[in-house]
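Chain by chain, the residues:
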Amino acid sequence: MIFIALFKQIPDIGFIKIDPATKRLVREGVPNILNPFDLHAVEAALAMRDRFGGSVYAITMGPPAFKQSAEEVLSMGVDEVIHLSDRAFAGSDTLATSWALALAIKKFAGADLGAVFAGKYSWDGETGHVGPQVAELLGIPHVSGVVSLEPNPPRATAVREVEEGEEHVEVELPAVFTVTDRTNTPRAPERPRGRYRVVTAGEISDRTEIFGEAGSPTYVADLAEEKIERENRVVIDARKSPEEGARAVLDFIKKVFGEGGASAERPAPPSGPASGREIFVVVEEKLTGGAAKASYEILGKASELAAKIGGYVTAIYGGEKPEELIARGADKVVLLRGADPRDYLAHADALTRLVAERKPWAVLAASTSYGRDVLARAAARLGLGLTADCVDLDVRDGKLAQFKPAFGGSVVSVIYSKTLPYMATARPGMFSAYSPNYSRRGEAVEMRVEPRLRFKAREAARWELPDPREAEVVVGVGMGLKRRENAAYAVELAKLLGGAVAATRNVVLAGWLPYYVQVGVSGKAIAPRLYLALGIRGDINHLVGIRKAKYIVAVNINRHADIFKAADLGVVGDAIKISQLLIELLKASGKAI
């Protein structure tokens, strides 16, 4: 039995720059690292070998310099590293990459394939598409975001993390599993004993035109460096007077909310004729039932795009109450019947059929676990371009312009597809949902689908703390608060401000706060009106998750902390003492906002 681990070497996202003249990434002097999630993929494959016997092959694709990471993977104990390296692979997007990896798996594992493991996503791109697309091209199931796995051949039960909690999913083996940093602890390196080999494009396929730029259905039209620095930022030194720091923070909070409350949802426009070009929106069912808020946001954006192209919006949904979708911007609804409302494999099958039959102009979904899984598999089967995790969408010269952050958000790419329909997922919190307009009219039809997954259990997160994605005010906790008990000050501040708490990855790993409030590359992206960062350094891995905050206030004892570059107000001072004083001020002054 052969177990496969996919891995990738990436540039350290904290060092990425763009040449302003050429609009190309400057890679000289940028250190490379093994994608952190992929270490856990390698460990998962090794654990399967330890339990069932067989071999572990680790596969990567990239230039000769990727041998650096290959050596790191070999030191973990894999039997062989297969390095796909050929100029024919240059410029591959996720689909072209998935083709290369799938063909390599077929060649070197064949009928002996036990399972495939990959990181949940790579930190440089954050697409999360390669695992599902490799699975689709191999014709096997997948489970993304796995936090634990219990294999019992010929099946396995995986617990996967989703935005609202966890799902227990049973699949047939072999399957592809994308893993998180919660899945396992990678073993310590040893002296390598495995084999390293380089494989060219011609060794895995006679059709090398399916790789590289020629085989990629998407292309980058432009790059822009996303500056983290905020205009008109103010930094005050409160190291000698924490009282001054606390007062400055309170004054800023009052000023922010003196501007007026959050913008209300826009009312949905009146119904129009469902004619012209069609835009599909794949709507997600929440773990607790009902359509997800992120899907309502996509419906609102799709309605705007439909108005620009003279078209209409069709929602594709596995749940109930189509009238809610119509009230929020859908002109038509296709209700998927016969499978679990969160069966992403069955829904990918249905989407593939609908696209082939109706040939829409675009297919959109929220960039959630469900949305990425459905669209990635459908795009792979149809050979279509797909852009993940967009922060904006627009119509330019009749095409869908897709704005995607990369390298931790330090770069925004403008991406177009060579294929139709255009396909994209968009990050939750980027668009405003419509408020329901129940005078709208639309039609709903049912479509039968065959179930593909067995869900053994669902566990919605026990929100002991509010969801930071939903809050107007979020108080962020960094290691600068020094001890777990000091995180209680942030929780109390959040309660006084009517908000939520968030945490850096290190805070979660230290056990101070639960994983579901983790914000950043490996956590959630949030867009509050105000983000109050307490004792947070400001690593790019965290900043990517708070870029859409309207205002940022940072308190840190280190005046050189990077968080101050991203803050509208920076307070250099003891975050613990200032938090305590701010709590006292809020209690004394009554409701702050």
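The structure under discussion appears in the preceding block.
Residues numbered from 1 in each chain as written. Predicted model: local features only at pLDDT ≥ 70, side-chain atom pairs only at ≥ 80, totals over all residues. Heavy atoms only, no water.

Novice: Sorry, what's going on with the side chain of Arg342 here?
Specialist: Tracing the backbone through its elements, the reader meets Arg342 in the loop between strand S19 (332-337) and helix H9 (344-358). A polar contact of 2.7 Å, which involves the side chain of Arg342, links it to the backbone oxygen of Glu285. Residue contacts for Arg342: discarding those within four places in its chain leaves Arg160, Val162, Glu167, Glu284, Glu285, Lys286, Leu287, His347, Tyr370, Phe455 and Arg458. (Helix = DSSP H or I, 4+ residues; strand = E, 2+ residues; numbered from the N terminus. Polar contact = N/O pair within 3.5 Å; in protein donor to acceptor, adjacent residues only side chain to side chain. Contact = heavy atoms within 4.5 Å.)

Novice: Explanation requested: the pairing of strand S30 (residues 500-503) in the structure shown.
Specialist: For a regular strand, the rule is simple: side chains alternate between the two faces of the sheet. Residue alternation in S30 divides its side chains into two sets, Ala500 and Ala502 and Val501 and Ala503, and both sets are buried. The sheet contact formed by strand S29 (residues 473-477) and S30 spans four bridges and is parallel. Pairing of Val475 across the sheet is with Val501, part of S30. What joins S29 to S30 is helix H11 (residues 487-496), and the crossover it makes is right-handed. (Buried < 20%, exposed > 50% of the residue type's maximum accessible area, 1.4 Å probe, protein only. Pairing = 2+ DSSP bridges. Right-handed = clockwise from strand over helix to strand, strands pointing away.)

Novice: When you look at the packing of helix H3 (residues 94-108) against helix H4 (residues 130-138) in this model, what are you seeing that I'm missing?
Specialist: How two helices pack is summed up by the angle between their axes together with the distance between the axes. Running from amino to carboxyl end, H3 crosses H4 at an angle of 50 degrees, the nearest separation of the two axes being 9 Å. Compared by their axis directions, H3 and H4 come out oblique. Viewed along their axes, H3 and H4 form a crossing whose handedness is right-handed. From H3, Thr94, Leu95, Ser98, Trp99, Leu101, Ala102, Ile105 and Lys106 reach across to H4, where they touch Val130, Gln133, Val134, Leu137 and Leu138. Across the contact of H3 with H4, the residue classes tally to nine nonpolar, three polar and one charged. (Axes fitted to C-alpha atoms, helices over the stretch in contact; angles between N-to-C directions. Parallel < 35°, antiparallel > 145°, perpendicular 65-115°, else oblique. Left-handed = near helix turned anticlockwise from the far one by under 90°. Nonpolar A, V, L, I, M, F, W, Y, C, P; charged D, E, K, R; others polar.)

Novice: Please clarify how unusual backbone geometry should be interpreted in this entry.
Specialist: Trans peptide bonds make up the majority, and among non-glycine residues the majority have a negative phi. Residue Pro154 is bonded to the preceding Pro153 through a cis peptide linkage, with omega at 15 degrees. Inspection of the secondary structure puts Pro154 in the loop between strand S9 (142-152) and strand S10 (155-162). With an omega of 0 degrees, the peptide bond running from Leu420 to Pro421 counts as cis. Tracing the sequence through the fold places Pro421 in the loop between strand S24 (411-417) and strand S25 (422-426). Of note in this structure, Lys359 is not a glycine but carries a positive phi near 50 degrees. In this structure, Lys359 sits in the loop between H9 and strand S20 (362-366). We classify Lys359 as exposed; its relative accessible area is 63%. In this structure, Asp397 is a non-glycine residue whose phi angle is positive, near 55 degrees. Topologically, Asp397 is positioned in the loop between strand S22 (392-396) and strand S23 (399-406).

Novice: Would you explain the nonpolar core in this entry?
Specialist: Within soluble globular proteins, side chains that are nonpolar generally end up buried alongside one another. Counting 59 residues, the largest nonpolar core has Val78, Phe117, Phe177, Leu351, Leu375 and Met423 as the members making the most contacts within it. Top contributing element to this core by residue count: H9, with eight residues. Every residue in contact with Leu375, bar those within four places of it in the chain, is listed here: Val282, Leu351, Val363, Leu364, Ala365, Leu386, Met423, Ala424 and Thr425. (Core = buried A, V, L, I, M, F, W, Y, C linked by side-chain atoms within 4.5 Å.)

Novice: It is not clear to me how H4 should be interpreted in this structure. Could you clarify?
Specialist: In an α-helix there are 3.6 residues to a turn, and that puts residues three or four apart on one side. Extensive coverage of H4 is indicated by the burial of eight of its nine residues. Within the sequence span of H4, burial applies to Gly131, Pro132, Gln133, Val134, Ala135, Glu136, Leu137 and Leu138. In this fold, the buried residues of H4 make contact with strand S1 (2-6), H3, strand S8 (113-119), S9, strand S12 (176-179) and helix H10 (369-382).

Novice: What should I look at first to understand the sheet that holds S1 in this one?
Specialist: In any sheet, the strands associate via hydrogen bonds between backbone groups, in a parallel or an antiparallel arrangement. One open sheet holds the ten strands; their spatial order is S13-S7-S6-S1-S8-S12-S9-S10-S11-S28, and the pairing between them is mixed. With one partner strand each, in any of the chains shown, strand S13 (195-199) and strand S28 (454-460) form the two edges of the open sheet. The sheet shows a mean angle of 30 degrees between the axes of neighbouring strands, taken without regard to direction. Across four bridges, S1 lies against S8 in parallel orientation. Of the residues in S8, the one forming a bridge with Ile4 is Val116. Helix-sheet contacts for H3 involve S1, strand S6 (55-61), strand S7 (80-84), S8 and S13, and the interaxial angle to S6 is about 150 degrees.

Novice: What exactly am I supposed to notice about the environment of Gly499 here?
Specialist: As for its placement among the helices and strands, Gly499 is situated in the loop between H11 and S30. The spacing of Gly499 and Phe564 is 65 residues in sequence and 22 Å in space, taken between C-alpha atoms. Apart from the residues lying within four places of it in its own chain, the contact partners of Gly499 are Pro466, Ala471, Val473 and Ala494.

Novice: How should I be thinking about the packing of aromatic side chains in this particular structure?
Specialist: Aromatic ring pairs are reported here in terms of the distance separating the ring centres and the angle at which the planes meet. If you walk through the whole model with that rule in mind, you get seven aromatic pairs. Aromatic pair Phe117 and Phe177: ring centres 5.6 Å apart, planes at 25 degrees, arrangement stacked. Note that Phe117 is positioned in strand S8 and Phe177 in strand S12, a separation of 60 residues in sequence. The ring of Tyr296 is capped by Arg328, whose NZ or CZ atom sits 4.1 Å from the centre of that ring. Stacked on the ring of Phe257, the Lys or Arg Arg529 has its end atom at 5.5 Å from the ring centre. (Phe/Tyr/Trp six-rings, centres within 6.5 Å; stacked < 30°, edge-to-face > 60°. Lys NZ or Arg CZ within 6 Å of the ring centre and 35° of its normal.)

Novice: Honestly, empty space enclosed by the protein in this entry has me stumped. Any pointers?
Specialist: For the coordinates displayed, the defined rule picks out one cavity of 30 Å³ or more. The calculated volume of the largest cavity comes to roughly 60 Å³. If you trace the largest cavity, you find it lined by Lys120, Tyr121, Gly128, Pro132, Ser144, Gly145, Thr178, Ser369, Arg372 and Asp373. Only S9 and H10 provide two or more residues apiece to the lining of the largest cavity. (1 Å grid on protein atoms, 1.4 Å probe; cavity = no way out; pocket = protein on both sides within 12 Å on 5 of 7 lines; lining within 4 Å. Points joined across faces, edges and corners; volume = space filled by probe spheres on them.)

Novice: Looking at this structure, how should I read the environment of Lys106?
Specialist: On the secondary structure map, Lys106 appears in helix H3. Along the chain, Lys106 and Ile204 lie 98 residues apart, while their C-alpha atoms are 8.8 Å from each other. In contact with Lys106, other than residues within four places in its own chain, are Leu137 and Leu138.

Novice: Sorry if this is basic, but what is going on with the pairing of S7 here?
Specialist: Summarising burial for S7: five of the five residues are buried, a large majority. Side chains Glu80, Ile82 and Leu84 of S7 all project onto a buried face; the interleaved residues Val81 and His83 project onto the opposite face, where all are buried too. Bridge analysis of S6 against S7 gives five bridges, and the strand direction is parallel. In the sheet register, Tyr57 faces S7, and the bridge partner there is Glu80.

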